[in-house]
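The lines below spell out each chain.
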Amino acid sequence: VVVTGERVARHVHWGRILASAAVTGFLAFVIVQFWNPNQTIDANRIILFLVVGVTLGSIYAVAASGLVVTYTTSGIFNFAQGAIGMFLAFIYWELKVNHGLPTLPALFLTVFVAAPLMGAAIEVTLMRRLANAPLVAQLVVTIGLMLALIGLADTIWPGNTTRTIGTFFGSDGFTIGTTFIPYFRVTTIVVGILIAVFLRLLLFRTRLGVTMRAVVDGRDLAALNGARPERVSMFSWALGSSMAAVAGIFLAEEFGRLGTQELTIFIVQAFAAAIIGRLRSLPMTLVGGLIIGLSLSFQRNFLDLGDRFSAAGVAIPAIILFLALLFLPEARLEGRRIGHAITARVPSLQRALFGFAVLLVVAAIVAAALDRPDLRRAGLAMVTALAMLSLVPLTGWSGQISFAQITFVGIGAWAYTEFSTAGGRMFNLELYDPGSPWGLVAAALVAVPVGLLMALPALRLQGLYLALASMAFALMAPPLFFSQEEVFGNAGRDVAPVHLFGHEFGEPFEIFGIEFARDAGFLLLAVLLFCVAGFGVVCLRRSRFSRRLIAMRDSPAACATLGVNLLTTKLAVFGISAAIAGLAGALLSVQRGAAQTADFEMLLGLPYLLLLVVGGVAVVSGALFGAVALQMFTWLLIRFPNVTISIGSAEFNLFATLQRGVGAGLAGIGIGRQPDGVIPHVSHEFRERRARKVAARRGAGPGGGGGGQAPVPAAMARPDGDRVAEAPTERTPAEPARSEHPTAR
Amino acid sequence: MALAVAALAATGLPMTAVEAQEDEALRATDKGITADTINVTVVAAVDIPGAQGLFQGVVDGVEGWAEYTNDNGGLAGRNIEVSFFDSRLSGDEARNAFIDACENSFALIGTSVLFLNNFDDLTECTDAAGQAIGLPDFPVVVAEVNHQCSPVSWAINPPQLQCDTRDHPEQTYRVTTGPTQYYVKQHGDLEGAFLIPGDSESAKNTTVPGIVAQGEQGISIAFEQDVSALAPQSDYTPIAAAIAQESLTYARSGLDYTSAVKLRKEAKLQSVTSVEVWDCTLQCYHTGLIEQGGADVEDQYVYMPFLPFLGDNAEDQTNDMLKSFLEYVDDPDGFAIQAWSAGLFFTEALNKVVDAGGNNALTRAALLKQAPTITDFTADGMMGKTNVGGREQSPCFVLTQVRDGDFERVTPRKKGTFNCKKSNVVEVKLDLIDQ
C-alpha cells in the first residue's frame with residue numbers, strides 16, 4: 001500500500017511539473033511571439049505596469065471575495081452574486097441620488113440594511129431548500145436569480161437614463177512614478193484587504209464563523225451540536241449580500257454609470273480569482289485578483305497581439321480561469337453522494353416511438369397551419385431542443401455540467417459551412433454538392449474531437465469545477481477560435497440550405513393537396529432529426545452504457561472499484577453530447593442562412609442548461625419542454641404585446657418583463673422546489689393519481705384515497721413496461737451531509 | 001377620363017400625370033397600401049437586457065416623422081401608419097420582422113438590427129403581383145456587410161464600403177476625413193491613440209477604415225487598442241498613461257459616449273495634458289456625454305452630418321425641418337434624427353413615384369426604381385448633401401466641441417451650413433472582409 005501511495009504521489013508530482021513546464025513554455029511563447037518591439041522598458045513603464053495591475057486586480061479581488069464568502073458560508077456557488085451587487089448599487093443610487101441622502105447614510109442603509117434583508121430573503125425563499133439539491137439545480141437557481149434580477153432592474157430603472165454615483169473623494173489622490181492613483185481606488189484596495197482580514201477573523205476566531213462553516217459541512221451534525229442552521233444560513237446570505245453590495249458600489253464607481261449588464265457580467269471575469277483562492281481562501285482570492293490584473297496590465301503594456309488575436313485580451317480572465325482549474329488538485333473519487341439525485345427514467349421503446357410519432361404528426365399539422373414567422377420560431381425551438389438534448393446524457397445522466405454546449409453548436413455550424421456550403425471539396429475532390437445532408441453528418445463528427453478536448457479537464461475535475469472549466473472553454477472560443485478568418489472571420493459566413501434529391505428544405509411544397517409554406521420543410525427536417533437523435537438517446541438510456549453513466553454520477557468510487565473505466569466512459573459521453581450539439585449547430589446555421597461569431601457567445605448558451613433543467617434534465621421530453629418554453633416568452637409578447645400589470649402606482653408590461661429574462665429566471669428559480677423538472681414531476685403526479693384510482697377501485701392502495709403523497713417504490717415495475725431505475729436517495733438525519741464543499745481556511 | 005387625357009395630350013397643353021389621375025379613387029396598389037393608409041415598419045433592437053432602449057431613438061424618430069407627415073396632409077393622399085417590431089438582440093426575430101413586414105408593410109424605415117447576417121427575406125420579398133422584387137428598406141444602422149450591400153437598402157448614412165469591391169482581395173472604403181483635415185490645419189500633424197470597439201467584429205470594421213484614412217491625412221497612429229464597451233474605467237489607466245508618456249496629441253474613441261467619458265476621466269486623473277484633439281464618433285453627440293462627463297469632457301470634438309440639435313446651440317431657428325423634428329420628438333438623439341431623415345428620404349422617393357404616375361402608381365417596384373435616383377438628399381436642409389441613392393459617404397459635416405457644458409459649432413462657423421468639400425472624402429483600400 002505504501003509503495004502504491006508513493007507511486008501515485010510521484011505520478012502526481014511529475015504530472016504537475018510537466019503541466020507547469022507546458023504552461024510556462026506556452027506563456028514564454030506568447031511573450032516572445034507578441035512582444036511589442038516598439039515598447040521601451042524603463043522604470044516608469046514598470047511602475048505603470050505594476051500600479052495598473054494592482055488597481056485592476058483589486059477590483060477583481062473585491063468582486064471575487066463576495067463569491068468566496070457566499071460559497072464558504074452557504075456551500076452554493078452563486079452566479080447571481082454580481083446581479084445582487086448590481087441591484088443593490090441601484091438601491092444605493094436611489095437613496096443617494098434620487099432621494100438626496102448624504103453618502104454615508106446611503107451607504108449604511110444599502111450595505112447594512114437593504115443588503116442583509118435581501119440576502120436573508122433570498123435564503124429563506126430560495127436557497128434553504130437547495131441545501132441537498134443536486135449541483136445542477138443549485139447552479140440553475142442562481143442563474144435564474146441572476147436573470148430575474150437583471151430583468152427586474154431593467155424594468156424598475158430603464159436604461160434610457162444616465163445614472164451616476166460619483167466617486168469617493170472625487171479625483172483626489174497621489175502619484176507613484178508617473179502614474180496617478182486616486183483615493184477611490186485606494187479605498188477599493190484597502191476595503192478589499194480589510195474585508196479579507198475581517199472575514200478571516202469572523203470565520204476562524206468567532207463561534208459564529210465556526211458555526212457558519214460547520215453548517216455548510218454538515219447541517220444536521222451542526223444542529224445536533226446546538227447550532228441553528230436556518231438562522232446561521234440566513235446570516236451567511238445576509239453577509240454575502242453585503243459583500244455584493246460593496247463590490248457593486250465600487251464597480252459602479254469604476255464604470256462611471258450604473259448599468260445592469262456591466263455590473264452583473266463583471267463577476268464572470270472575476271471567477272478566476274475565486275478559483276485561485278480555491279473558493280475558500282480570501283487571501284489567495286486577493287492574489288488571484290492581482291494575477292488577473294497584472295496579466296491584463298502586462299498585455300496592455302508590453303504585448304502587441306496583432307490583427308489576428310486583437311480580441312484575445314478579452315479572453316485573458318477566461319484563460320487564467322481555465323489554467324487555474326487545470327492546476328487544482330485532482331478531485332478525489334467520491335463515494336455515495338448524499339442528497340437528492342435526479343431521477344433518470346427508462347422509457348419503453350414502444351412508448352418512446354409513440355411519443356416521437358405524435359411529435360411528427362403534431363409537427364406536420366403545425367407546419368401546415370402556421371405562418372412563416374411562427375414556423376421559423378417553431379424551427380428554432382426544435383433546433384434548440386436538439387442542443388438541449390445533447391445535455392441529457394452528459395448532465396442528466398452522468399452529472400457532468402457543461403456550459404460549453406454553445407461552443408459545440410458553433411463548431412457544428414462552422415463544420416457545416418466548411419464541409420457543405422464550400423461545395424463539398426476536400427483535397428480537390430468533389431465529395432458532395434453544396435447543401436448536401438452529408439454536411440450535417442460532418443458537423444456532428446467534427447464536433448466530437450472538440451468534445452473530447454473539452455473532456456480532458458473533466459477527467460480530473462468534477463462538479464462545480466468542471467462546470468467552470470466548461471464555462472472558461474466557452475468564453476475563450478469566440479475571441480480565440482470563432483473570429484479567426486478560417487472560421488467565421490469578421491463578416492461571418494453564408495450558409496447553404498440543405499438539399500435532398502434536388503429538393504431544398506425550406507422551400508414551399510405541397511403534399512396531398514395540402515400546401516406547406518416556406519420554412520415548413522425545415523421545421524419538419526428539424527423535428528425528424530430531433531426524433532432520430534431523441535430515439536438514439538432513448539436507446540442509449542436503455543443500454544449498459546447509460547447505467548454506467550448513472551452509476552458514475554452516483555458513486556464514482558464504487559464504479560472504479562467495480563472495474564468501470566471512468567476515463568473512456570467520460571470521453572464517450574462528452575463525444576456523444578458534442579455530436580448532438582454539433583448537429584444542432586449545423587441546423588441552426590442552415591435556418592439562419594449565415595453563421596457568425598456573435599451567435600456562439602457563452603451567455604447565449606446559458607438558457608440551454610437553465611430551461612433543460614426546468615423541463616427535466618434527465619429526460620428527452622425535458623429538452624422539448626425547455627426549448628418550447630424559451631420561444632414561448634417571445635411568442636407571448638408578440639401575440640399579446642399590451643398586457644400590463646400594476647404594482648402600486650407602477651405599471652409593467654407583463655410579457656415584456658417576462659421576456660426580458662424574468663420569465664426564464666423565475667422558471668430557473670422554481671426548479672429549487674422540484675429539481676427533477678416539470679415533465680418528470682407532472683409524469684410522477686399523473687402516475688400517482690392513476691395508481692390511487694386503481695387502488696381505490698380495488699378497495700385499498702397508496703394514499704388510501706386521502707390524497708397522501710406516498711412515493712412509488714423505486715424499482716417497482718410498471719404495467720406499461722416503464723421502470724424507474726434510480727430513486728431519489730433521501731438523506732436521513734443520521735447521515736452526514738455531503739462533503740464536496742471544501743472546508744474554509 | 002382616358003379620352004379626356006388623350007384630347008389634352010393632343011392639344012399639347014401641359015398636364016402632369018398627377019393632374020390626370022387626381023380624380024381617380026385611391027386604391028390598394030401594393031402590399032401595405034390601402035386606399036387610406038401606407039403602412040411602414042420600423043424594426044429596431046430596443047428592449048435588451050442590460051442595454052435597455054438601445055435604439056429607442058430610431059422608433060421615436062420614425063413615429064415622430066409619421067405624425068409630422070400626417071399632420072401635414074399625409075403622403076399620396078394617405079396617412080402613414082407605423083408598425084414597430086422590437087427585434088431585441090435576436091437576429092431570428094429581426095428576420096421574422098422582415099417576413100411580417102414583407103406581407104403587411106410597404107417599406108421598412110429606420111431599420112436598426114443587430115446579430116443578423118442574412119437579408120434574403122428583404123431581397124426576395126414578393127410584391128402584390130407575386131414578383132420577388134424585394135422590400136424597400138431605408139435603414140439607420142447597417143452593421144453587417146450583407147446589409148450594407150443589400151440591393152434594396154439605402155442607409156441614410158451610407159456605409160464606407162464600396163459594395164462593388166466587396167469580393168475583391170482588398171475592398172475600397174470611402175471615408176469622410178473633413179474633420180481630420182480641420183484638426184491638422186489647426187494643430188499641425190498629430191500623433192494619436194485610437195480606441196477600437198473590441199466586442200464586435202462588425203463595429204470594428206466600421207472603425208478601421210477611418211483610422212487608416214486619418215493616418216493618411218496627417219494623424220499618425222501611435223497605437224490602437226481594442227476596448228470592450230463593458231470595460232471599467234481602470235481599464236483605461238494604461239491607455240491614459242501611455243498617452244501621457246508618449247505625449248500624444250490626438251485621442252479618439254470609436255465606441256459610444258460612455259467610453260469617451262471613461263477615457264477623459266482617466267486622462268484627467270493621469271494628468272494627460274498633451275492631447276490637443278479629443279475626438280469621438282457620432283454616438284458622442286448625446287446629452288449623456290455631458291451629463292455623465294461633466295467638466296471632464298470639455299473640449300471634446302464631435303462631428304456629424306446633421307445640423308446641431310442639442311442644448312442651447314440647437315439650430316432649429318435656421319431650419320424649419322429641424323424645428324419640426326425637435327417639436328415632434330421628445331428625446332432627440334443621433335439615432336432619432338437619422339430615423340426622421342430616413343422617413344424624409346422615403347417621402348422624397350415616394351413623391352417622385354407620385355409625380356411620375358399619380359397617387360395610385362405606388363408600388364414597391366416603383367419605389368425601388370426611384371430610390372437610387374436621389375443622389376443629393378439633404379433632409380430639407382437638416383443634413384449635408386448626401387448621395388443616399390448611390391450609397392456614397394457624404395463629404396459634409398459640422399464639427400462641434402463641448403464648451404461650457406454644451407455642444408458648440410466649430411466649423412463651418414455659419415449656422416445652418418455644412419462643410420461639403422469634395423476632398424473631404426478619401427478612398428482607402430483594405431481587406432476587412434476576409435481578414
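Cut-offs and rules
- Residues numbered from 1 in each chain as written.
- Chains lettered and ligands numbered in written order.
- Predicted model: local features only at pLDDT ≥ 70, side-chain atom pairs only at ≥ 80, totals over all residues.
- Heavy atoms only, no water.
- Helix = DSSP H or I, 4+ residues; strand = E, 2+ residues; numbered from the N terminus.
- Buried < 20%, exposed > 50% of the residue type's maximum accessible area, 1.4 Å probe, protein only.
- Contact = heavy atoms within 4.5 Å.
- Pairing = 2+ DSSP bridges.
- Disulfide = S-S within 2.5 Å.
- Axes fitted to C-alpha atoms, helices over the stretch in contact; angles between N-to-C directions.
- Buried area = accessible area lost by both parts, 1.4 Å probe.
- Salt bridge = Lys/Arg side-chain N within 4 Å of Asp/Glu carboxyl O.
- Polar contact = N/O pair within 3.5 Å; in protein donor to acceptor, adjacent residues only side chain to side chain.
- Nonpolar A, V, L, I, M, F, W, Y, C, P; charged D, E, K, R; others polar.
- Right-handed = clockwise from strand over helix to strand, strands pointing away.
- Left-handed = near helix turned anticlockwise from the far one by under 90°.
- pLDDT = per-residue confidence, 0-100.
- Core = buried A, V, L, I, M, F, W, Y, C linked by side-chain atoms within 4.5 Å.
- Parallel < 35°, antiparallel > 145°, perpendicular 65-115°, else oblique.
- Patch = residues over 30% accessible without salt bridge, like charges linked within 9 Å, V, L, I, M, F, W, Y side chains within 5 Å.
- Areas by Shrake-Rupley, 256 points an atom, 1.4 Å probe, with all protein chains shown as cover.

A. A look at the overall build of chain A. When its secondary structure is counted, chain A shows 27 helices and 14 strands. Counting every position in chain A, which comprises 745 residues, the buried fraction comes to 56%. In chain A, the share of contacts with a sequence separation of at least 24, taken over all contacts with a separation of at least 6, comes to 78%.

B. Expanded view of the pairing of strand E5 (residues 171–176) of chain B. All names here are of chain B. In terms of residue burial, E5 counts as a mostly covered element, since 6 of its 6 residues are buried. Sheet topology note: the E5/strand E13 (residues 425–430) ladder contains 6 bridges and is antiparallel. Bridged to Thr-172 within E13 is Lys-429.

C. Up close: the state of the cysteines. For the coordinates displayed, the defined rule picks out 4 disulfides over all chains. The disulfide that involves Cys-102 of chain B links it to Cys-125 of chain B, with 2.1 Å between the sulfurs. Torsion about the S-S bond of the Cys-102 of chain B and Cys-125 of chain B cystine: about 100°, corresponding to right-handed handedness. Of this pair, Cys-102 of chain B sits in helix H4 (residues 91–104) while Cys-125 of chain B sits in the loop between helix H5 (120–123) and strand E4 (137–138), and the two are 23 residues apart along the sequence. Both residues of the pair, Cys-102 of chain B and Cys-125 of chain B, belong to the buried class. Taken N- to C-terminal, the disulfide-bonded cysteines of chain B are connected 1-2, 3-4, 5-6, 7-8. Cys-539 of chain A provides the cysteine sulfur closest to Cys-531 of chain A, a residue in no disulfide bond, and the two sulfurs are 13 Å apart.

D. The arrangement of the sheet that holds strand E2 (residues 79–86) of chain B in detail. Residues and elements named next belong to chain B. The sheet built from 4 strands is open, its strands ordered E2-E1-E3-E4 with parallel pairing. Only two strands of the sheet have a single partner each, and these edge strands are E2 and E4. One ladder, built from 8 bridges, connects strand E1 (residues 37–44) with E2; its direction is parallel. Bridging from a neighbouring strand, Asn-39 pairs with Glu-81 of E2. Running at roughly 175° to E1, H4 makes contact with E1, E2 and strand E3 (107–109) of the sheet.

E. Just the interface of chain B and chain A, in detail. Across the boundary between the two partners, chain B contributes 53 residues, which contact 63 residues of chain A. For the pairing of chain B and chain A, the buried interface totals around 5,000 Å² over both sides, and the portion due to carbon and sulfur atoms is 47%. On inspection of chain B and its partner chain A, the count reaches 5 salt bridges. In this structure, Asp-121 of chain B engages Arg-372 of chain A in a salt bridge whose closest nitrogen and oxygen atoms are separated by 2.9 Å. The interface formed by chain B and chain A contains 16 residue pairs in polar contact (both at pLDDT 80 or more). Looking at the side of chain B that touches chain A, the elements that each hand over two or more residues are H4, helix H6 (145–148), helix H8 (201–216), strand E7 (219–227), helix H9 (237–245), helix H10 (257–269) and helix H11 (287–293) of chain B. Top element by residues in the side of chain B that touches chain A is H4 of chain B. It accounts for 6 residues. Of the residues assigned to the side of chain B that touches chain A, the class counts are 16 nonpolar, 19 polar and 18 charged.

F. View of the pairing of strand E9 (residues 277–280) of chain B. All names here are of chain B. Burial along E9 is two-sided: Val-277 and Asp-279 and Trp-278 and Cys-280, pointing in opposite directions, are all buried. Direction of pairing for strand E8 (residues 250–253) relative to E9: parallel, over a ladder of 4 bridges. By the bridge assignment for E9, Ala-251 is matched with Trp-278. Between E8 and its parallel partner E9, the chain crosses via H10, and the hand of that crossover is right-handed.

G. Inspection of the sheet that holds E9 of chain B at higher detail. Residues and elements named next belong to chain B. A sheet is described by the order of its strands in space; here 4 strands give the open sequence E7-E6-E8-E9, paired in parallel fashion. Looking along the sheet, the strands with just one partner apiece sit at the ends: E7 and E9. Strand-to-strand twist across the sheet, computed as the mean angle between neighbouring axes with direction ignored, equals 20°. Sheet topology note: the strand E6 (residues 190–197)/E7 ladder contains 8 bridges and is parallel. Bridge assignment links Glu-191 to a residue of E7, and that residue is Ser-220. Each of E6, E8 and E9 is contacted by H10, which is oriented at about 160° to E9, the strand it contacts most.

H. Representation of the packing of helix H9 (residues 229–255) of chain A against helix H10 (residues 260–269) of chain A in the model. Residue and element names in this part refer to chain A. For the pair H9 and H10, the least separation of the axes is 10 Å and the interaxial angle reads 115°. Classified by chirality, the crossing of H10 by H9 is right-handed. Each of Gly-248, Leu-251, Ala-252 and Phe-255 in H9 lies in contact with H10, whose residues at this interface are Glu-262, Leu-263 and Phe-266. Of the residues in the contact of H9 with H10, the class split is 5 nonpolar, 1 polar and 1 charged.

I. Region of the structure containing the confidence of the model for chain A. Per-residue confidence for chain A gives a mean pLDDT of 81; residues scoring 70 or more make up 88%. The secondary-structure element of chain A with the lowest mean pLDDT is strand E14 (residues 723–724) of chain A, recorded at 43, while helix H20 (residues 520–541) of chain A shows the highest, at 94.

J. Quick peek at the nonpolar core. Ranked by internal contacts, the top residues of the largest apolar core, which has 218 residues, are Phe-77, Phe-271, Leu-389 and Phe-403 of chain A. With 14 residues, the single largest contributor to this core is helix H5 (residues 135–156) of chain A. Counting residues in each nonpolar core, the second largest holds 90 residues, with Val-62, Ala-336, Val-354 and Met-382 of chain B among its members.

K. Layout of helix H7 (residues 207–217) of chain A. Restricting attention to buried positions, one finds in H7 of chain A the residues Gly-209, Thr-211, Met-212, Arg-213, Val-215 and Val-216 of chain A. Check the buried side of H7 of chain A and you find it contacts helix H2 (43–74), helix H6 (183–205), helix H8 (219–224) and H9 of chain A.

L. Layout of the packing of H5 of chain A against helix H26 (residues 654–670) of chain A. Residues and elements named next belong to chain A. Their axes nearest at 7 Å, the elements H5 and H26 cross at an angle of 150°. Taken as axis vectors, H5 and H26 run roughly antiparallel relative to one another. Pair H5 / H26 crosses with left-handed handedness. Across the interface between the two elements, Val-140, Val-141, Gly-144, Leu-145, Leu-147, Ala-148, Gly-151, Leu-152, Asp-154 and Thr-155 of H5 pack against Thr-657, Arg-660, Gly-661, Val-662, Ala-664, Gly-665, Gly-668 and Ile-669 of H26. Of the residues that constitute the contact of H5 with H26, the class distribution is 9 nonpolar, 7 polar and 2 charged.

M. Representation of the environment of Glu-418 of chain A in the model. All names here are of chain A. When you line up the elements, Glu-418 lands in helix H17 (residues 405–421). For Glu-418 and Val-495, which are 77 residues apart along the polypeptide, the C-alpha to C-alpha distance reads 9.1 Å. Once residues lying within four places of it in the same chain are set aside, the contact partners of Glu-418 are Glu-486 and Arg-493. Within the structure, the side chain of Glu-418 is placed 3.1 Å from the side chain of Arg-493, a separation counted as a polar contact.

N. Quick look at unusual backbone geometry. Following Thr-411 of chain B, the chain continues into Pro-412 of chain B via a peptide bond in cis, with omega recorded as -10°. Position of Pro-412 of chain B relative to the elements: it lies in the loop between strand E12 (406–411) and E13. Phi at Arg-278 of chain A is positive, roughly 50°, even though this residue is not glycine. Positionally, Arg-278 of chain A belongs in the loop between helix H11 (271–276) and helix H12 (282–302). Non-glycine residue Asp-299 of chain B carries a positive phi angle of around 75°. Within the secondary structure layout, Asp-299 of chain B lies in the loop between H11 and strand E10 (301–304). Accessibility expressed as a relative area gives 40% for Asp-299 of chain B, which makes it partly exposed.

O. Summary view of a nonpolar patch on the surface. Residue and element names in this part refer to chain A. Together, Phe-26, Leu-27, Ile-31, Trp-35, Ile-41, Ile-46 and Leu-50 line one region of the surface with nonpolar side chains, adding up to about 600 Å² of accessible area. Among the secondary structure elements, those contributing two or more residues to the nonpolar patch are helix H1 (2–34) and H2. Ranked by residue count, the leading element in the nonpolar patch is H1, at 3 residues. On the secondary structure map, Phe-26 appears in helix H1. Residue classification places Phe-26 among the partly exposed positions, given a relative accessible area of 44%.

P. Quick peek at the side chain of Lys-262 of chain B. For Lys-262 of chain B, the position within the fold is in helix H10. Dropping the residues within four chain positions of it, Lys-262 of chain B is found in contact with Glu-254 and Phe-255 of chain A together with Ala-229, Ala-231, Pro-232, Gln-233 and Tyr-236 of chain B.

Q. Seen up close, the pattern of salt bridges. According to the stated counting rule, one finds 26 salt bridges over all chains in the structure shown. Residue Glu-123 of chain A pairs with Arg-128 of chain A through a salt bridge whose shortest N-O separation is 2.9 Å. Judged by relative accessible area, which is 0%, Glu-123 of chain A ranks as buried. Between Arg-185 of chain A and Glu-254 of chain A there is a salt bridge, with the nearest N and O atoms lying 2.7 Å from each other. Placement of Arg-185 of chain A in helix H6 and of Glu-254 of chain A in helix H9 is noted, with a sequence separation of 69 residues between them. This pair shows no difference in class: Arg-185 of chain A is buried, exactly as Glu-254 of chain A is. Each of Asp-371, Asp-374, Arg-377 and Arg-639 of chain A together with Glu-93 of chain B takes part in a single network of salt bridges with overlapping partners.

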